[in-house]
Structure formats: structure tokens, C-alpha cells
Amino acid sequence: MIHNRRRTVARLLLLALAAMGLPLIAPTAAGADPASSTWAKLRMCESSDRYTTNTGNGYYGAYQFDLPTWRSVGGQGRPDQAAPAEQDYRALYLYRMRGWQPWQCAGMLKLPADADARSKRVPTYTESAYIGGGGKPAPPPGPGSAKPPWPGVVYRYGDCADPLKTFQLRMNAFGYGFTGTGCYLDKTRTAVLDLQRANGIKDSGLLGPKTWEAAWTGKPPR
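Residues numbered from 1 in each chain as written. Predicted model: local features only at pLDDT ≥ 70, side-chain atom pairs only at ≥ 80, totals over all residues. Heavy atoms only, no water.

Draft legend 1. Examining helix α9 (residues 209-217) more closely. Among the residues of α9, T211, W212, A214, A215 and W216 are the ones counted as buried. On its buried face, α9 is in contact with α7 (162-171) and α8 (186-198). (Buried < 20%, exposed > 50% of the residue type's maximum accessible area, 1.4 Å probe, protein only. Helix = DSSP H or I, 4+ residues; strand = E, 2+ residues; numbered from the N terminus. Contact = heavy atoms within 4.5 Å.)

Written as C-alpha cells, this is what we have:
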């Protein structure tokens, strides 16, 4: 009886607020995500909290993504080469898709799941900023990414230069896995040709202004 009266009073109050034109604000699910301290425990167990770790076992970065899982949540390139904030974002994305299931450490640590586990609700970078990696999220590949000016030199096989390193690291956004040597060798030639063919540029293998532009604003290579 008391509960029924309380519910009646609550309904009347809501109706009164609506009649007065006041907004009715419902709580959001954003607060349901795991605490930053929980993520820190997970990272410490998975990678000793090292965002750049690559031990050669097929798992990368602070959250030890393998490449198929990383790509399943929209990750580009390799996780250990992504900015910390990008790794945080993809980890939250994965958590919302699959809960703690992908991380063995989560089971070992007995991390509690909550309302957003497997919610399928795609997060924003703002929502993942609390996790702890910090820094600005890595820009996604394609139109809109910051493009450095073309260096004014056409590069070819055998050349070594700092702008070639910039190009190589940019191509990591498409999964090429360059270490950034700055030298134009076989792997760079493959990336240049792939990019030229994807964007209707003559596949000369020369890294000129059109190919440079396409790396930031063109179609991604197949």
C-alpha cells in the first residue's frame, strides 16, 4: 500500500513538471562503464600497463589485442602503434560488444561486469577519455585526417629521407605495419603501388604529390 502511494505521488509529480514545461531528465548509461581503476588493473595484468608493448606473440599494446579483434572494433594498423587514447577507446568498444570475455586477465582478476557489458552501444571518444591513456585520439584514416605538406621531392626505390618515414607511418593506418625506417624498399614500393591503384593514379611506384595526397585524403588500399 505504501509503495503504491509513493508511485502515485511520483507519477503526479512528473505530470506536474511536464505541465510546467520543465524537462524530464532520465539517467544515462554512461556511468555504467567500468571504473578507470578497473581498466588500470586489466592493463597491468595484460601488459604491465605498457601501451607500446609488442612481444612477438601476436598480441599488441596495453590491452593485448590480436589483429582480428582489433579490426573487429574498427582499429587500424597495429594496436601498439596506436595512441594510448585510441587503444583505450577500442578497449571500451570491445567491452561494450563482448564484455570481459576477450581478456583472460579479467577472469583471473574477477573483474565485475556491469550494465554496459555486451550492450552493443558504440562509445564515443569522449566516453572513453576517463579510462586513463590520455592524449588525443589518433585520427581515423581517410578524409579529414591532418595531412603534412608534400615535401617537394619525388621518391623512388632506394631513397632514404625523413618524409618517407612520415609516409610509412601514415600507411600503418591501413595495416602495413611499418617500423618507420625512412628508406624506400620493397615494402614501401608495395604500399605505394597499392595506394596508386586504389586511387586511379598511374602505378609508377614513384611517390609523388598525387600519391602523397592520396595517403591522407584518398581511398584506402585494398
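Draft legend 2. Molecular detail of the pattern of salt bridges. What the rule picks out here adds up to nine salt bridges. For D33, the salt bridge goes to R96, with nearest N and O atoms at 2.6 Å. Remark: R96 occurs in helix α4 (residues 84-98) and D33 occurs in the loop between α1 (2-19) and α2 (36-47); sequence separation between them is 63 residues. Exposure class is identical for D33 and R96. Each is buried. When salt bridges that share partners are traced, they join D33, R96, D116, R121 and E127 into one network. (Salt bridge = Lys/Arg side-chain N within 4 Å of Asp/Glu carboxyl O.)

Draft legend 3. View of the packing of α7 against α8. Relative orientation of the contacting elements α7 and α8 amounts to 65°, with a least axis distance of 11 Å. In terms of orientation, α7 lies roughly perpendicular with respect to α8. Two packed elements cross with a definite hand, and for α7 against α8 that hand is left-handed. Side by side, α7 and α8 meet where F167, Q168 and M171 of the first sit next to T188, A191, V192 and L195 of the second. (Axes fitted to C-alpha atoms, helices over the stretch in contact; angles between N-to-C directions. Parallel < 35°, antiparallel > 145°, perpendicular 65-115°, else oblique. Left-handed = near helix turned anticlockwise from the far one by under 90°.)

Draft legend 4. Inspection of the nonpolar core at higher detail. Of all hydrophobic cores here, the largest spans 23 residues; its most connected members are W39, L42, Y63, F65, Y95, W100 and W103. Ranked by size, the runner-up nonpolar core spans 17 residues in total, among them Y176, I201, L207 and W212. (Core = buried A, V, L, I, M, F, W, Y, C linked by side-chain atoms within 4.5 Å.)

Draft legend 5. Inspection of the packing of aromatic side chains at higher detail. A full pass over the atoms with the stated rule returns 13 aromatic pairs. Aromatic side chains Y89 and Y125 sit 4.1 Å apart centroid to centroid with 25° between the ring planes, which places their arrangement in the stacked category. Of this pair, Y89 sits in helix α4 while Y125 sits in helix α6 (residues 125-128), and the two are 36 residues apart along the sequence. Geometrically, the ring pair formed by Y95 and W100 is tilted, given 4.6 Å between the ring centres and 55° between the ring planes. Residue classification places Y95 among the buried residues on the basis of a relative accessible area of 0%. According to the relative accessible area criterion, W100 is buried, its value standing at 9%. Across the ring face of F178, the terminal group of K187 is positioned such that the distance to the ring centre comes to 5.2 Å. (Phe/Tyr/Trp six-rings, centres within 6.5 Å; stacked < 30°, edge-to-face > 60°. Lys NZ or Arg CZ within 6 Å of the ring centre and 35° of its normal.)

Draft legend 6. Up close: the environment of V153. Mapped onto the elements, V153 comes out in the loop between α6 and α7. Taking relative accessible area as the criterion, V153 reaches 37% and is therefore assigned partly exposed. Through-space distance from the C-alpha of V153 to that of G208 is 7.1 Å; in sequence the pair is 55 residues apart.

Draft legend 7. Representation of the packing of α7 against α9 in the model. At a closest axis distance of 10 Å, the pairing of α7 and α9 adopts a crossing angle of 35°. The hand of the α7/α9 crossing is left-handed. Along the contact surface, α7 presents P163, T166, F167, R170 and M171, while α9 presents W212, A215 and W216. Its residues placed into classes, the contact of α7 with α9 shows six nonpolar, one polar and one charged. (Nonpolar A, V, L, I, M, F, W, Y, C, P; charged D, E, K, R; others polar.)

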